[in-house]
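So you can see what is in the structure, the chains are spelled out below.
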Amino acid sequence: MNHRSLNEDTLRWLAVGCAFSVALPTAWISVLSGLFGALYLVIGNFRERCLFVRTCPPAIASLVLIAWMSLAMSWSPAPWSDALRNLWKYRELILFPAIASVILKDESTADRWQSRLLLGFLAGFSIAFVTSWLRWLGLISDLGFKGAFAGFHGRTGYSLMLAFVTYLCVDRCFADKRRLPIWLVASLICLSNLFIVNDGRTGQLAFLLLIPWVTLRYLGARWSLLSILILPLILSVSVIAVPSNMDRFNASFEQWESFQEGKANAGDALRLTYWSQTIEDLKSDDLLIGRGTGSYKIGRAHV
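Asks: Give a detailed account of the packing of aromatic side chains, specifying residues and quantitative values.
Replies: Per the stated rule, a full pass over the model turns up 13 aromatic pairs. Measuring from centroid to centroid gives 6.3 Å for Phe20 and Trp28, while their planes differ by 35°, and the two rings are tilted. In this structure Trp28 comes out as partly exposed when scored by relative accessible area, which is 42%. Taking the centre distance of 5.1 Å and the plane angle of 10° together, the rings of Phe174 and Tyr218 count as stacked. Separated by 44 residues along the polypeptide, Phe174 in helix 8 (residues 154-175) and Tyr218 in helix 10 (residues 201-218) bring together distant segments of the chain. Each residue in the set Phe121, Phe125, Phe129, Trp133, Trp136, Tyr158 and Phe164 is aromatic and connected to the rest through ring pairs, giving one cluster. Here the guanidinium or amino end of Arg116 rests over the ring plane of Trp113, the centre of that ring lying 4.4 Å away.

Below, the structure written as structure tokens:
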């Protein structure tokens, strides 16, 4: 193995490390993505990588979005420090095409490294998943306001990752019949955590919206349509049958009242504020270019 191949493989393993750390404490991915970025710049090969990015629509979309957000700082009413702080939250939009240009550009190894990337994520998420169950069993302390049993990232981020993993297990039930018992048990354990242990409604809704896709892919349009019709029933049962979901549902009503009173301080009240502001923006003269990165002010912070 020559020096260049060794550097490329090191870069790929750092990308796998980033995938592994996604579900773990934020400091992990901050360190690993920093090492990945530093080595990426040192190795170079930018012309070759740029040529690949030009053939990868998701990578192009990612770069266009971060470029537009950067440009939008120029007409934002927010101070430059606040605008930059908000732009920094979306740095993954640069990390994604960089990782894609490392993992996918060599067709002879792309499949192998994609599998390693997925396995890396699943390995890291397994730690968060076990942590969630241990919190629920009372064996380790919870995360307080971030969601009592939500791994390391709070209920919203954790539930979205859990929705993806649950979908993956359900998909394997159809695609890998030889290991059907294993995937079925894994699906049930993930579903239990998603709808009973965890109270992140975003992930719950995301998974339910994926059900029609699974049924369409393996059972056909008729079953997919049927699954769409029963989604409200599944959601209603999960709310009524699980106390934590009912508590979150009741909290939504309280936050709706806060929103009506102009008190957008948390949760759904903030979401409703963002949605109503978005509707107002669609009616305004700023529809085409927006109002600039970090232009919305909630309390003392620009978002």
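Text resumes after the structure shown.
Asks: Go over the side chain of Asn193 with me, naming the residues and quoting the values.
Replies: Among the secondary structure elements, Asn193 is positioned in helix 9 (residues 180-197). Given the relative accessible area of 0%, Asn193 is considered buried. Setting aside residues up to four positions removed in sequence, Asn193 forms contacts with Phe129, Ser132, Trp133, Tyr158, Leu162 and Asn198.

Asks: How would you summarise a nonpolar patch on the surface if you had to cite specific residues and measurements?
Replies: Where nonpolar side chains cluster on the molecular surface, the patch consists of Leu219, Trp223, Leu225, Leu226, Ile228, Leu229, Ile230, Leu233, Ile234 and Val237 and spans about 930 Å² of accessible area. Looking at where Ile228 falls in the secondary structure, it is placed in helix 11 (residues 221-241). For Ile228, a relative accessible area of 43% translates into the label partly exposed.

Asks: Describe the pattern of salt bridges, listing the residues and the values that go with them.
Replies: Tallied over the full model, the rule gives 7 salt bridges. Across the pair Glu48 and Lys105 runs a salt bridge whose closest N-O atoms are separated by 3.2 Å. Placement of Glu48 in helix 3 (residues 46-53) and of Lys105 in the loop between helix 6 (92-103) and helix 7 (107-136) is noted, with a sequence separation of 57 residues between them. Beyond isolated ion pairs, a larger network of salt bridges with shared partners links Asp171, Arg172 and Arg217.

Asks: Describe helix 6, and please don't skip the residues or the numbers.
Replies: Taking 1.5 Å per residue, 12 residues should reach 16 Å; helix 6 reaches 16 Å between its end C-alpha atoms and fits that length. The element helix 6 is extensively covered by neighbouring structure, given that 9 of its 12 residues are classed as buried. For helix 6, the full list of buried residues reads Leu93, Leu95, Pro97, Ala98, Ile99, Ala100, Ser101, Val102 and Ile103.

Procedures and definitions
Residues numbered from 1 in each chain as written. Predicted model: local features only at pLDDT ≥ 70, side-chain atom pairs only at ≥ 80, totals over all residues. Heavy atoms only, no water. Phe/Tyr/Trp six-rings, centres within 6.5 Å; stacked < 30°, edge-to-face > 60°. Buried < 20%, exposed > 50% of the residue type's maximum accessible area, 1.4 Å probe, protein only. Helix = DSSP H or I, 4+ residues; strand = E, 2+ residues; numbered from the N terminus. Lys NZ or Arg CZ within 6 Å of the ring centre and 35° of its normal. Contact = heavy atoms within 4.5 Å. Patch = residues over 30% accessible without salt bridge, like charges linked within 9 Å, V, L, I, M, F, W, Y side chains within 5 Å. Areas by Shrake-Rupley, 256 points an atom, 1.4 Å probe, with all protein chains shown as cover. Salt bridge = Lys/Arg side-chain N within 4 Å of Asp/Glu carboxyl O. Expected span 1.5 Å × (residues − 1).

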